[in-house]
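# Results of the structural survey
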Amino acid sequence: MSDLRETLASTFAEETDDETAQTAAENAAAFAEEYDEDLTADRVTDLLDDAPYEAFEHRFDWVVGELAAENEDCTDSREFRLDGFDALAADADIGA
């Protein structure tokens, strides 16, 4: 998965700051490792290009949601999003 992470980090760095790019790449690679071993950088960047938002953070979170929707095993994609579990979200540890 390090190839996916490295490729995405490089691609994302063209659109956002290095820290955000690195975090997004790590999150995408973690999603791939857990739910979609065949996920490619091209698939992620194609979805990113199709995202209905302008800000990178919102576009990336949308991509994660789309990837999760395509994978019936992923029922909660918040851990892979840049926004993660926000203050209004249910506690991820309750009921797990």
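As the structure is a computational prediction, the values presented were derived from the model and not from experiment.

This paragraph deals with helix α1 (residues 2–12). For α1, the complete set of buried residues consists of L4, L8, A9 and F12. Down the axis, α1 shows its buried residues gathered within 125 degrees of arc, on one side only. Facing away from the buried side of α1 by more than 90 degrees, the exposed set consists of D3 and E6. On its buried side, α1 packs onto α2 (18–35), α3 (41–50) and α4 (56–69).

What follows deals with the packing of aromatic side chains. The final tally for this structure, using the stated rule, is 6 aromatic pairs. Look at F31 and F80: their rings are 5.4 Å apart centre to centre, the planes differ by 90 degrees, and that puts the pair in the edge-to-face class. With F31 in helix α2 and F80 in the segment after α4, this pair connects stretches of sequence that are 49 residues apart. For F80, a relative accessible area of 2% corresponds to the buried category.

Moving on, we come to the pattern of salt bridges. Applying the stated criterion to the full structure yields 3 salt bridges. Residue E70 is joined to R43 by a salt bridge in which the shortest nitrogen-to-oxygen separation is 2.2 Å. With a gap of 27 residues between them, E70 in the segment after α4 and R43 in helix α3 connect regions that are remote in the sequence. Among the residues examined, R43 registers a relative accessible area of 31% and is labelled partly exposed. The salt bridge involving D76 is made with R78; its shortest N-O contact spans 2.7 Å. A residue is classified by how much of its surface remains accessible, and D76, at 29% relative accessible area, is partly exposed.

Here the focus is the side chain of T20. Position of T20 relative to the elements: it lies in helix α2. Using a relative accessible area of 15% as the deciding quantity, one classes T20 as buried. Setting aside chain neighbours within four positions, we find T20 in contact with F56, E57 and L82.

Judged by side-chain charge, D17, D18, E19, E57 and D83 come together as a negatively charged surface patch. Checked against the element boundaries, D17 lands in the loop between α1 and α2.

Glancing now at the environment of E34. Among the secondary structure elements, E34 is positioned in helix α2. Spatially, the C-alpha atoms of E34 and D73 are 9.6 Å apart, while their sequence positions differ by 39 residues. The residues touching E34, leaving out its near neighbours within four places in the chain, are E79 and F80.

Attention now moves to the packing of α1 against α2. The axes of two packed helices give the description: the angle between them and the distance between them. Taken N-terminus to C-terminus, the directions of α1 and α2 make an angle of 145 degrees; their axes are 8 Å apart at the nearest point. The two elements α1 and α2 meet at a crossing, and its hand is right-handed. Here L4, R5, L8, A9 and F12 of α1 come into contact with α2, specifically with A21, Q22, A24, A25, E26, A28, A29 and A32. Taken together, the residues that form the contact of α1 with α2 break down as 10 nonpolar, 1 polar and 2 charged.

Analysis parameters
Residues numbered from 1 in each chain as written. Predicted model: local features only at pLDDT ≥ 70, side-chain atom pairs only at ≥ 80, totals over all residues. Heavy atoms only, no water. Buried < 20%, exposed > 50% of the residue type's maximum accessible area, 1.4 Å probe, protein only. Helix = DSSP H or I, 4+ residues; strand = E, 2+ residues; numbered from the N terminus. Arc of directions from axis to C-beta. Contact = heavy atoms within 4.5 Å. Phe/Tyr/Trp six-rings, centres within 6.5 Å; stacked < 30°, edge-to-face > 60°. Salt bridge = Lys/Arg side-chain N within 4 Å of Asp/Glu carboxyl O. Patch = residues over 30% accessible without salt bridge, like charges linked within 9 Å, V, L, I, M, F, W, Y side chains within 5 Å. Areas by Shrake-Rupley, 256 points an atom, 1.4 Å probe, with all protein chains shown as cover. Lys, Arg positive; Asp, Glu negative; His and termini not counted. Charge placed at Lys NZ, Arg CZ, Asp CG, Glu CD. Axes fitted to C-alpha atoms, helices over the stretch in contact; angles between N-to-C directions. Left-handed = near helix turned anticlockwise from the far one by under 90°. Nonpolar A, V, L, I, M, F, W, Y, C, P; charged D, E, K, R; others polar.

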